[in-house]
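# Residue-level structure breakdown
One letter stands for each residue in the lines below.
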Amino acid sequence: MKECTHVRAAGSASAAKLDAVRAAFAAAFPRAALRVAARPAASGVRAQPFGDAETRRGAVNRARGALREAVLAAAAAADGGGDPETTGGGGAAAAVPHYAVGLEGGLHVEDGVMYCFAWMAVLRWGGEGGRGGAQLGSLQGIEDAPMGLSRTGSFAVPPRVSARVLNDGEELGHACDAVYGTGDGKGRGGLVGIVTHGAITRTSFYSHAVQLALAGLP
Ligand SMILES: O=c1[nH]c(=O)c2ncn([C@@H]3O[C@H](COP(=O)(O)OP(=O)(O)OP(=O)(O)O)[C@@H](O)[C@H]3O)c2[nH]1
């Protein structure tokens, strides 16, 4: 196993997503000194994606966007420009990452029931089995970086919440906050935390799928 893994947790500064990436990589690389940093990146899809294809595309776009930003920031830092936008990564700020991860939550409706799920995309860049040398700091090849994909399970969105999403066009997290008033719709617990009474949080919901995406890397 690797001694050190730099991960750019993509697309997001979401605490739930960052925690999920940390937990997944810690499980996959138990002896690694992990450095996980947020690198918000555009999903390129709607704020509330519907269906597997759109949601998966959002995850892939976020992973690639985060990797692109991280590579550019590392190059700027090497030139003495610093990396002020990176959060939560400590010493990872100037490092070219070994992996980039994109996580995107989505919805679909089947037989009148709305289901919630999320897709994960993990890209390998540097490190063992990844790129090396000068290529690491170049944007060339990002589109072809080895990628692992996976999806969480699905759970049914309570009708009071799904009605707000369908009728008022609200994003799930906002609809969840409006119905339950917990303010955690976009937080670590999320709707999955509410419907499972805390047994599964957004963090644990995402974490197993990040591990599966990592396992699927060619
Ligand atoms: O998969 C999920 N499991 C949950 O239990 C859950 N509870 C709420 N949501 C909402 O689903 C939407 C898309 O999620 P999403 O990937 O766009 O994340 P997000 O908007 O929170 O963060 P960001 O990464 O966009 O900043 C957002 O409105 C989330 O709040 C959940 N998604």
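Residues numbered from 1 in each chain as written. Predicted model: local features only at pLDDT ≥ 70, side-chain atom pairs only at ≥ 80, totals over all residues. Heavy atoms only, no water.

## Details of the side chain of R64
For R64, the location among the structural elements is in helix α2 (residues 51-78). One polar contact links the side chain of R64 to the main-chain carbonyl oxygen of E143, over a distance of 3.2 Å. Other than its neighbours up to four places away in sequence, R64 contacts L123, I142, E143 and M147. (Helix = DSSP H or I, 4+ residues; strand = E, 2+ residues; numbered from the N terminus. Polar contact = N/O pair within 3.5 Å; in protein donor to acceptor, adjacent residues only side chain to side chain. Contact = heavy atoms within 4.5 Å.)

## As for the confidence of the model for the protein
Chain-level statistics for the protein give a pLDDT mean of 86 and a share of 83% at 70 or above. Model confidence for the protein, summarised as mean pLDDT per element, is weakest for strand β1 (residues 4-10) at 62 and strongest for strand β6 (residues 155-156) at 98. Within the model, the stretch residues 84-93 combines pLDDT values under 50 with 19 contacts to residues more than four positions away or in other chains. Interface confidence for the predicted complex, expressed as ipTM, amounts to 0.92; the pTM equals 0.89. (pLDDT = per-residue confidence, 0-100.)

## Description of the side chain of R124
Assignment of secondary structure puts R124 in strand β4 (residues 113-124). A distance of 2.8 Å separates a polar atom in the side chain of R124 from the backbone oxygen of P218.

## Topic: the packing of helix α1 (residues 15-28) against helix α6 (residues 202-215)
Where α1 meets α6, the closest approach of the two axes is 8 Å, and the angle between their N-to-C directions is 45°. As judged from the angle between their axes, α1 and α6 are oblique. Both α1 and α6 take part in a crossing whose hand is right-handed. For the pair α1 and α6, the contacting residues are A16, K17, D19, A20, A23, A24, F25, A27 and A28 in the first and R202, T203, Y206, S207, V210, Q211 and L214 in the second. A class-by-class count of the residues in the contact of α1 with α6 yields ten nonpolar, three polar and three charged. (Axes fitted to C-alpha atoms, helices over the stretch in contact; angles between N-to-C directions. Parallel < 35°, antiparallel > 145°, perpendicular 65-115°, else oblique. Left-handed = near helix turned anticlockwise from the far one by under 90°. Nonpolar A, V, L, I, M, F, W, Y, C, P; charged D, E, K, R; others polar.)

## Details of the environment of E171
Within the fold, E171 resides in the loop between α3 (159-168) and α4 (172-180). As for E171 and A13, which are separated by 158 residues in sequence, their C-alpha atoms are 17 Å apart. In this view, E171 contacts A47, Q48, V165 and K186; residues no more than four positions away in its chain are not counted.

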